[in-house]
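# Report on the structure
One-letter residues, chain by chain:
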Amino acid sequence: MASKRPQDECSSTERKKKKEKKESREEPAELCAAVEEEQVKRAVQEAWSCRASYKHGDLELDCHPFPHCIIKNFISSQTFVENLQKELLELNFHEKSNDLYKFKQSDDLKKRAEPHIAGLRAALFGRFRSWLGEVLGVELEPTVDISCAKYEYTDVLLCHDDELEGRRVAFILYLVPPWQSSDGGTLDLYTTDSCFQPQSIVKSLVPSWNTLVLFEVSPVSFHQVSEVLSQDKCRLSLSGWFHGPSLERHPRHVEPTIQRNPHLPRDETLLLEWINPLYLDISYQEQIQEEFEDSSEIQLKGFLKEEKFKEVSEALWLSQIQWTKRGPPNKRCYEVAALDSLPQCVSACWELLHSEAFFLLLSNFTGLRLHYLCPADDEENNDEEKDKKEEEDGEATGSSNKSSSANASREKEPSTPVCCGEVRRWSHGSYTLLHDGEAARAEYALDLVLPFGCAGWQSEFGGFTFYVANEEDEELLTIYPEDNSLALVYRDKETLKFVKHVNHKSTSDSADSSTCREFYDFSFVYYE
């Protein structure tokens, strides 16, 4: 006699199946006709291979400054797009912020079961991936790489090329309200120079509802999401990458090393003329050194004499200094002063920070060997005694350590302390970024920053210097711009720094009228 399953167990199983079916229900996403037409696909394929332009209905291909395609009304059903937007806005979003960007990102969408998210994902990495692979003439992998981003007021993604192993085509689907270029948040495309470094923005794509933008990831695909300037609009988008064989990369450009110079022959009368007498007191210098050796950083407030600080501040603001923008934008964007255009008092301040007397003062502040009068530390003395003892032992036993001892001696020969520096101007849009070249050439060094003209500057404006551990997001230290406050930071080979993007809040009409719109600093790096 066949056994009969209990009624309650049967009902429970059916309910579970119905629930799973409901949760996994996938709304099919119908794509626009341009993607479905064979004739259009062949035309796009030919244009892409020839690096030519092509337009048909809602589809447009342009290969300047690098191949990119715009498909308006990408999803044919307006209702589907509206429901997709609702599902996305109900997700959890997390604040993302580092040297390169500031925005909010959703939870991973790779396995999300919401009907419209799942339906779009299936369409993108199914039919559309096949279409795109045929257009490019390559086999794209089924890898799913997709997330949702919200860019709101002052959010930004600065200049980069998207290159990472396996990425072949980047895509962005916009789900935005009516949008104008004045709202910011445009996708800006850069030209490149002969060294394949980004030069200038030649095209800005304004986000548009239900529009898909895709471009080929390559060594020249430099782009950015410009800062969102609208205070009441949300730039919602889905983005990700299709994976496949990477394009050939040219050798990475190596920037020339910035020239370093030994100190200028200036005596201590320069210190007496410029520096707050408090910091010239020997006993106070000893206290500073103790604090610096404990934390490897210190800020010395009211460092310059008040009248000198005021004179330099006014000259930086009022004089006809020649300012030049420093790039390339994938590494930095700020203005630097031409030294031969500096007014006399600013030039004198520059000489102060470059002088022999100041090198010695920094040695007293930090304990670093930035002057020959600075005594060697105990560790070096111990090493020398150890080397001498090993040499004596070697002679006693008849072994030859002369060569190794000589090498060690040569390594310990004191090098000439040097420095390099700039007078910089920071305003809306200024920043510096971390990059591979900087990490590869990281050295032990003492950073000095002396700000001017930043009264009322607020941390939410950006413009602060951020120190991080190499290859980690770990925050080590943040230095905020503060008038006449000398910041000294000693960094090792595993420490990198960047200046956070100066955002639109620094120029907003809502800001206090007494708040500065830009500030200046002297930035020096000293090497033992």
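Below, the structure is looked at part by part. (Residues numbered from 1 in each chain as written. Predicted model: local features only at pLDDT ≥ 70, side-chain atom pairs only at ≥ 80, totals over all residues. Heavy atoms only, no water.)

## Considerations on empty space enclosed by the protein
The cut-off we apply is this: A pocket here means an open set of points on a 1 Å grid, computed over the protein atoms alone, that has protein on both sides within 12 Å along at least five of seven lines. A cavity is instead a set of points where a 1.4 Å probe fits but cannot get out; residues with an atom within 4 Å of a point line either one. Grid points are joined across faces, edges and corners, and a volume is the space filled by probe spheres set on the points. The helix and strand labels rest on DSSP assignments: H or I over at least four residues marks a helix, E over at least two residues marks a strand, and numbering proceeds from the N terminus. Think of it as three bins: nonpolar holds Ala, Val, Leu, Ile, Met, Phe, Trp, Tyr, Cys and Pro, charged holds Asp, Glu, Lys and Arg, and polar takes everything else, Gly as well.
Overall, the coordinates contain 3 cavities of 30 Å³ or more when judged by the stated rule. Its boundaries defined by the atoms lining it, the largest cavity holds a volume of some 90 Å³. As for the largest cavity, its lining consists of Arg424, Trp426, Val449, Pro451, Gly463, Thr465, Ile479, Tyr480, Pro481, Val499, Phe519 and Asp521. Broken down by secondary-structure element, the contributors of at least two residues to the lining of the largest cavity are strand E17 (418–426), strand E19 (445–452) and strand E24 (519–527). Of the residues that constitute the lining of the largest cavity, the class distribution is 8 nonpolar, 2 polar and 2 charged.

## Comments concerning the pairing of strand E11 (residues 211–216)
Quick note on the threshold: Buried residues are those whose accessible area, probed at 1.4 Å on protein chains only, stays under 20% of the maximum for their type, while exposed residues exceed 50% and partly exposed ones sit between those limits. When DSSP finds at least two bridges between two strands, those strands are taken to pair.
When you tally the buried positions in E11, you get 6 out of 6 residues, the bulk of the element. The two faces of E11 match: Thr211, Val213 and Phe215 on one face and Leu212, Leu214 and Glu216 on the other face are all buried. In this structure, strand E8 (residues 167–174) lies alongside E11, joined through 6 bridges in antiparallel fashion. Pairing of Tyr174 across the sheet is with Thr211, part of E11.

## Remarks on a negative patch on the surface
Formally: To count toward a patch, a residue needs a relative accessible area above 30% and no salt bridge. Like charges then connect within 9 Å, nonpolar side chains (Val, Leu, Ile, Met, Phe, Trp, Tyr) within 5 Å. Residue exposure ignores everything except the shown protein chains as possible cover, and the areas themselves are Shrake-Rupley values with a 1.4 Å probe. The term salt bridge refers to a side-chain nitrogen of Lys or Arg lying within 4 Å of a carboxyl oxygen of Asp or Glu. Think of it this way: Lys and Arg go in the positive column, Asp and Glu in the negative one, and His and the chain ends go nowhere. Note on charges: their place is set at NZ of Lys, CZ of Arg, CG of Asp or CD of Glu.
Together, Asp436, Glu471, Glu472, Asp473, Glu474, Asp492 and Glu494 make up a region of like negative charge exposed at the surface. In this structure, Glu494 sits in the loop between strand E22 (485–491) and strand E23 (495–499).

## A short note on the packing of helix H3 (residues 38–50) against helix H5 (residues 115–136)
The line we're drawing: Under this scheme, a helix contributes an axis fitted over its contacting stretch, all axes are lines through C-alpha atoms, and angles between N-to-C directions fall in the 0 to 180 degree range. Each angle is binned into one of four classes, with values under 35 degrees roughly parallel, values over 145 roughly antiparallel, values of 65 to 115 roughly perpendicular, and all other values oblique. Residues count as neighbours in contact if any of their non-hydrogen atoms are within 4.5 Å of one another.
Closest axis-to-axis distance for the H3/H5 pair is 8 Å, and the angle between their directions is 45°. Looking at the two axes, H3 sits oblique to H5. For the pair H3 and H5, contact is made by Lys41, Val44, Gln45 and Trp48 and by Trp131, Glu134, Val135 and Leu136, respectively. Considered class by class, the residues forming the contact of H3 with H5 number 5 nonpolar, 1 polar and 2 charged.

## Brief notes about the packing of aromatic side chains
Heads up, the condition is: Pairs were defined over the aromatic rings of Phe, Tyr and Trp, the Trp ring being its six-membered one, requiring ring centres within 6.5 Å. Orientation was assigned from the angle between planes: stacked under 30 degrees, edge-to-face over 60, tilted for the rest.
Tallying each qualifying case throughout the model produces 27 aromatic pairs. Geometrically, the ring pair formed by Phe66 and Phe215 is edge-to-face, given 5.7 Å between the ring centres and 65° between the ring planes. With Phe66 in the loop between strand E2 (59–62) and strand E3 (68–71) and Phe215 in strand E11, the pair connects residues that are 149 residues apart, well separated along the chain. Summarising the burial analysis for this pair, Phe66 and Phe215 share the class buried. Ring centres of Phe103 and Tyr151 lie 4.9 Å apart, and the angle between their planes is 20°; on these two criteria the pair is classed as stacked. Residue Phe103 is found in strand E5 (residues 101–106), and its partner Tyr151 is found in strand E6 (residues 146–151); the two are separated by 48 residues along the sequence. Here the two residues Phe103 and Tyr151 agree in accessibility, since each one is buried. Here a set of aromatic residues connected by ring pairs shows up, and it is made of Phe74, Phe125, Phe128, Trp131, Phe171 and Phe242.

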